[in-house]
Amino acid sequence: MVGKLIDIRVLRIVALALLAGLLLPGSVPAVQEHGAPEGIYSHQGAHVFFAASMGLLIFWLRQRRLVREPGWRWIQYAALFFILWNIDAFTAHFLDEQSGVLDTAMAAPGQIKIEVDDHLTSLAWLYYMAKLDHVLSVPAMLFLYAGLRRLLRDARQRRAGAGSP
Amino acid sequence: MIASFWPILMVDVGGSMLMIVLSFLCIGLARRLQGVDPQNVIWTYLFWLCIGLAGFAVSRSAGHILKQALVLSGQKEMWAEIRPFSGAINTFMFVFLASVTLFFERVWKIYEQITADKVALGRAHTELLNLNQNLEQIVTERSRSLAVSERQYRRIFEVSRDMILVVDSQGRIVDINPAGCRELGFGEPGTTPKGERFQVFFEHEDDWRQLKAAIERDGFVANSEITLRRLDGSAMRSLVSASLAVEPSEKEPTIHFQVRDIERRHMAREQMAQADRLASIGQLSSGIAHEINNPLGVILGYTQLMLRSEPGESDRRRDLKTIEKHVRHCKAIVEDLLNFARRSEPKKEKVDIHKTIDDVLAFIRQHSGTNRIDFRTDYDRRLPAMVLDEKKIKQVLINLLMNARHAVGDAGEIRVATAYSPESRQAAIRVTDSGYGIEAQHLQHIFDPFFTTKPTGEGTGLGLSVSYGIVKKHGGEIQVESRPGEGATFTVLLPVLESDSGGSG
């Protein structure tokens, strides 16, 4: 019941957002103007939306006990890593936008300079680690690949045995 | 803080390339999953999810690779130009991918519903199949039982000794069993009363009208005594039961008849009544004869004594002769009555019945006074010699042949036939004449003593009575069949005893 309500709400928001995008083009005087910050807000929002959808996928997979099957379990892990990746990317984007607090520049060939206040050195390290986001997204894709492969194998076995999955 | 940029670069470029490769590998797997079961909506969903992921991977990874390439080549400005487009596409792909993911719950429910429907459909199909098989089995069993039942009823219909027939509302015979065909005189193969109107076989037309009215009124008739007329014209007294049958499959009601021939029963009853009557008459006659016989003996004795003392041709002698003649006549009658009453035991001996018949026929021919009567014989040579009182049997044959000769008059045919039935060990002697025959009302009295149709003085009416008594004394039967205008047949049935052996040749 809760899942259904969330579905409808989320779908409505998405539909309205898309409709607004179509009906409200940029520089018409009668409508609101969209400056540069909106891009990062939209992107960050998309990260949140992506992470939330992955969270719901995990919830549904567990609710239906699909995670008992190895294929779906791997897909669950893929969703989990995508959530982590979204958090990571969100953090990196967020820090990118914090000029004055955190600034980056190429120091020398092959070196990056991350400028932060002295008491925020750990923030620089967090930023540096966050920039390595593929460490999370590639495993997510690998888990998805493994999950699909297992589902394919199981489906073929079922087909050979009883018929449908 | 200054750190090496290479890890970031390596992970970014390498990871981006891996993302693109893996996403397309996932599309390939999803496609193969669809190939396994194209109808499975989950596999379709995963395929579109992989498409979304590939779009996401391509848009993001391509942007990252391009960024690194432009930044490292010192073209930051160009990247600044491209960056908003790359970011927007990337954002759109996030949203698309997230939206596709959110459809999982719906798609899964659809999949569950389809699976449940498929299972239900499969179950219904199996049940229908079982039902169909059961139905076929039930139909086969019912058909078999019906066929057995139909055969049983058909057998009852076919082998019944009683006539069973079905007629339509106009009385037309729709179906009739073999016994019915035989009873109505359609015994010849290929002949059938089907299509004939049943009422034409009724002796009296009123009987049919009353019967039909009763059936229409009450729906049935039970044991109604009706006289039917066979194809050859002979009458058949019958016990008729009938019922009205209304079948939904038939346009109009039909009447089912069961007809029992009671003619033989009636005849047997009449014969028994006649036998009882004759036995009573015989008892009475024998009593009278016995009482009269002694005085007649005395009268005859004294008459003969007186005759001895009467010489010549005196009037007294002639009177005595007249007395003697009439007393002898009376004695003969008394003797006949005693024979009829079966008082005297037959003196049995082994007799060739055919020789006896030939002797009698020779005697009759000699005394017939005409040669225009054709005497014919038809002997069954299997008939063995019989133990009989030849003298008395000759008397029976003389009586029957004299009657036959009298019946044919000056010209005609008299046939004597014998038949032997080894099963019942019974011999039959049939005397048939081509005379006028016997009127129906006389048939039941012909064996009564003193019953005669001859003019007064020509017969005593004791011939057939005496014959009846003699045959009965031999343990046999004497029967008569006659129809006015068609002659008469007298049949003497005599038992052939176990001690009799060999044919008469």
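These remarks concern the structure in this document. The residue numbering used here restarts from 1 in each chain and proceeds along that chain's sequence as written. Throughout, the order in which chains and ligands are written sets their labels, letters from A for the former and numbers from 1 for the latter. In keeping with the predicted nature of the model, local features appear solely for residues at pLDDT of at least 70, side-chain atom pairs appear and are counted solely at 80 or more, and the whole-chain, interface and lining totals rest on all residues. Where side-chain values are given, they derive from all heavy atoms of the structure, hydrogens and water being excluded.

1. Describing unusual backbone geometry
Residue and element names in this part refer to chain B. Our working definition: Where helices and strands are cited, they refer to DSSP runs of H or I of at least four residues and of E of at least two residues respectively, numbered from the N terminus. Throughout, exposure labels follow a simple rule: accessible area from a 1.4 Å probe, protein chains only, divided by the maximum for the residue type, with under 20% read as buried, over 50% as exposed, and the rest as partly exposed.
Located in the positive-phi region is N223, a residue other than glycine, with phi close to 50 degrees. Within the secondary structure, N223 is located in strand β4 (residues 220-229). Non-glycine residue R425 carries a positive phi angle of around 45 degrees. Relative to the assigned elements, R425 resides in the loop between β10 (412-421) and β11 (426-433). With a relative accessible area of 24%, R425 lands in the partly exposed category.

2. Details of the environment of Q444(B)
Convention followed: By definition, residues are in contact when any of their heavy atoms lie within 4.5 Å.
Among the structural elements, Q444(B) can be located in the loop between α11 (440-443) and α12 (463-473). Once you skip the residues sitting within four places of it in the chain, Q444(B) turns out to touch Q274(B) and R277(B).

3. Details of the sheet that holds strand β5 (residues 235-245) of chain B
Residues and elements named next belong to chain B. Selection criterion: Strands pair, by our definition, only if DSSP identifies at least two bridges between them. The convention used is that axes are lines fitted to C-alpha atoms, helices contributing only their stretch in contact, and that angles between N-to-C directions extend from 0 to 180 degrees.
Taken in spatial order, the 5 strands line up as β3-β2-β6-β5-β4 in an open sheet, and their pairing is antiparallel. The sheet is open, and its two edges are formed by β3 (173-176) and β4, each paired on a single side. Recorded for the sheet is a direction-independent mean angle of 30 degrees between the axes of neighbouring strands. As defined by bridge partners, strand β2 (residues 163-167) adjoins β3 across 3 bridges and the pair is classed as antiparallel. Paired with V167 across the strands is I173, a residue of β3.

4. Structural notes on the side chain of N293(B)
Selection criterion: Within 3.5 Å is the distance limit for a polar contact, defined as a pair of N or O atoms, with the added protein rule that one can donate a hydrogen and the other accept it, and that residues adjacent in sequence qualify only through two side-chain atoms.
Checked against the element boundaries, N293(B) lands in helix α7 (residues 263-308). At 3.1 Å, the side chain of N293(B) and the side chain of K331(B) are in polar contact.

5. What to know about the pattern of salt bridges
Should their charged atoms come close, side chains of opposite charge can pair. Residue and element names in this part refer to chain B. Keep this limit in mind: Salt bridges are defined by distance alone: a side-chain nitrogen of Lys or Arg within 4 Å of a carboxyl oxygen of Asp or Glu.
What the rule picks out here adds up to 28 salt bridges over all chains. When the shortest N-O distance is used, the salt bridge between K194 and D175 registers 3.5 Å. Placement of K194 in the loop between α5 (178-183) and α6 (205-218) and of D175 in strand β3 is noted, with a sequence separation of 19 residues between them. As a salt-bridge pair, E477 and K472 come within 3.2 Å of each other at their nearest N and O atoms. Under the relative-accessibility criterion, E477 is labelled partly exposed at 34%. Overall, K472 belongs to the partly exposed group, its relative accessible area being 24%. When salt bridges that share partners are traced, they join R154, E158, D175 and K194 into one network.

6. Overview of the sheet that holds strand β8 (residues 373-378) of chain B
Residues and elements named next belong to chain B. Overall, mixed pairing links the 5 strands, which are arranged β8-β10-β11-β13-β12 in an open sheet. Both edges of this open sheet fall to β8 and β12 (477-482), since each of them pairs with a single strand only. Sheet twist, expressed as the mean angle between neighbouring strand axes with direction ignored, is 15 degrees. Of the pairings in the sheet, the one linking β8 to β10 comprises 6 bridges and is parallel in character. For D378, the partnering residue across the bridge sits in β10 and is A417. Here α12 sits on the sheet in contact with β12 and β13 (488-495), set at roughly 135 degrees to β12.

7. Thoughts on the environment of M306(B)
On the secondary structure map, M306(B) appears in helix α7. Spatially, the C-alpha atoms of M306(B) and R316(B) are 9.6 Å apart, while their sequence positions differ by 10 residues.

8. Re the side chain of H354(B)
As for its placement among the helices and strands, H354(B) is situated in helix α9 (residues 353-368). A polar atom in the side chain of H354(B) sits 2.9 Å from the side chain of T418(B).

9. Some details on the nonpolar core
Counted only if it meets this: Remark: nonpolar core denotes a set of buried residues (Ala, Val, Leu, Ile, Met, Phe, Trp, Tyr, Cys) joined through side-chain atoms within 4.5 Å.
One finds W72(A), L46(B), F56(B) and F104(B) to be the most contacted residues of the largest nonpolar core, which totals 59 residues. Put simply, the parts of the chain that give this core at least two residues each are α1 (2-23), α2 (37-63), α3 (70-96) and α5 (134-161) of chain A together with α1 (6-36), α2 (41-72), α3 (76-102) and α4 (104-159) of chain B. Counting residues per element, this core draws most heavily on α2(B), at 11 residues. The residues touching L46(B), leaving out its near neighbours within four places in the chain, are W72(A), L148(A), L151(A), A30(B) and L33(B). Listed in part, the 48 residues of the second largest apolar core include V327(B), V334(B), V431(B) and A488(B).

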